[in-house]
Amino acid sequence: MAGPPASLSGQDVGSFAYLTIKDRIPQILTKVIDTLHRHKSEFFEKHGEEGMEAEKKAISLLSKLRNELQTDKPIVPFVEKFADTDIWNQYLEYQQSLLNESNGKPSWFQSPWLFVECYMYRRIHEAIIQSPPIDDFDVFKESKDQNFFESQESVIALCTHLQQLTRTIDDLEENQLKNEFFKLLQISLWGNKCDLSISGGESSSQKTDVLNSLEDLKPFILVNDLEQLWSLLSKYKKAGGTTPLVRVDIVLDNSGFELVTDLVLADFFLSSKLATEIHFHGKTIPWFVSDTTIRDFNWLIEQVKSCNHIWMSKCGADWGKYLKMGRWIYHDHIFWTLPHEYCAMPQVAPDLYAELQKAHLILFKGDLNYRKLTGDRKWEFTVPFHQALNGFHPAPLCSIRTLKAEIQVGLQPGQGEQLTAAEPSWLTGGKYGVFQFDGPL
Ligand SMILES: O=P(O)(O)OC[C@@]1(O)O[C@H](CO)[C@@H](O)[C@@H]1O
Ligand SMILES: [Mn+2]
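Since the model is a prediction, treat every value here as computed from it, not as a measurement.

As a further point, take the domain arrangement of the chain. Each assigned domain of the chain is listed here: domain 1 (16–129) and domain 2 (141–438). On a C-alpha basis, the centres of domain 1 and domain 2 stand 28 Å from each other. Taken together, the contact between domain 1 and domain 2 spans 20 residues of the former and 20 residues of the latter. If you list the elements that add at least two residues to the side of domain 1 that touches domain 2, you get α1 (16–38), α4 (85–99) and α5 (113–129). When its residues are assigned to classes, the side of domain 1 that touches domain 2 shows 13 nonpolar, 3 polar and 4 charged.

We now examine the nonpolar core. In this structure, Leu-361 and Leu-363 are the most contacted members of the largest nonpolar core, which totals 111 residues. The element that contributes the greatest number of residues to this core is α5, accounting for 11 residues. A domain split of this core shows at least three residues from each of domain 1 (16–129) and domain 2 (141–438).

This paragraph deals with unusual backbone geometry. The omega torsion of the bond from Pro-132 to Pro-133 falls at 5°, within 30 degrees of zero and hence cis. Mapped onto the secondary structure, Pro-133 falls in the loop between α5 and α6 (141–150). With a phi angle near 50°, Asp-72 is a residue other than glycine that sits in the positive phi range. Along the chain, Asp-72 turns up in the loop between α3 (49–70) and α4.

To continue, consider α3. For α3, with 22 residues, the first-to-last C-alpha span of 32 Å sits near the 32 Å given by 1.5 Å per residue. Taken residue by residue, α3 has Gly-51, Ala-54, Glu-55, Ala-58, Leu-62, Leu-65 and Leu-69 as its buried positions. The arc that holds every buried residue of α3, seen down its axis, measures 100°, which confines them to one face. Facing away from the buried side of α3 by over 90 degrees, the exposed positions are Glu-49 and Asn-67.

Calculation rules
Residues numbered from 1 in each chain as written. Chains lettered and ligands numbered in written order. Predicted model: local features only at pLDDT ≥ 70, side-chain atom pairs only at ≥ 80, totals over all residues. Domains from an automatic or database assignment. Contact = placed C-beta atoms within 7 Å. Helix = DSSP H or I, 4+ residues; strand = E, 2+ residues; numbered from the N terminus. Nonpolar A, V, L, I, M, F, W, Y, C, P; charged D, E, K, R; others polar. Core = buried A, V, L, I, M, F, W, Y, C linked by C-beta atoms within 7 Å. Buried ≥ 20, exposed ≤ 12 C-beta atoms within 10 Å, placed from the backbone. Expected span 1.5 Å × (residues − 1). Arc of directions from axis to C-beta.

Rendered as structure tokens:
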């Protein structure tokens, strides 16, 4: 049998991968440098001269990185010792070995896009950890927080909706409950439109009322496996306590508005008794601009809790309690910020794979997770999702993703071609979305 297809790469001039490496990534780096500049006086107040020196050092390392990228220099190994340094450098050697026949060195435009894009964020982190005492500065924190504040109205609307729903949830008929479940899943899907790396780090918050737009957005869901999710979870609920623990894992994506939609969904899982335990998975380092770290997760819940709105603060208080009681559990693992595709998880991070195997359902949020699930490869549009997962089946899983990269599998024959003819940017504009399920029911 033929192996999986080639990786998306900057080699394909004019592709979204190429344009990302050429334009979007340098733009993000420039923004990071600017952020450090703007915090100069804060570093001085906190750390004196040493803080100023550290800022200078980080900026010079980042400028060097931007130059390497823009002149398509070879990818160089990491020097600073960190928890994942050896794994990263081994992966770099592996990429090198793939090129050995042609005697080339992996460079920015010649290597797989997934690899170089992850590498760029890891190099930003290296520049920061090499610059103590500002080595725990999150260069993206400001924009993540801004995204949350700018989405305030939508957050209030969502929290109010959730609180009204949970007050009467036990009286709902099965069909009504299913309807509400589908609504919150769709909100979580469209919440994924708001990531900050696609907009080159520019503000991209939620300003419209998603709740009232769901019907209008339905035609843009290209694969809709929501029924499978319902069958799977309602089966446990109907069995009435024969499976006393029902665990749903959510592999988080972006902080800000998207995280609120995920927490609202996670709250609903518990209130509806469709699940008894929610496990969240976040990033250990700042990643793809808007991704959630433990600091973002705690910060956001604290913000929701201390807000001057009765239903919003009630949500925050409930969420704090879930965490205290262990009904919500937050995990992080270095694997999520490695460049590997997920089919490599059993070898690279067997502990994480074993953890995921305990779930009854795993939800993978966002575009980058989709790219890693499918290996970021040039699959035909009609290849089944199960096949593109390439052996990654820890538990029943579902990708909840708006399309922001030139990759999509599991479509009907002709569907992809029709979309291409009608709307050339359908794969990358974030306008379309999928709920794509894999697993036994
Ligand atoms: O995973 P997310 O937050 O949905 O999207 C991350 C993302 O914006 O980053 C890349 C562009 O730099 C794209 O693959 C993708 O659209
Ligand atoms: Mn993201």
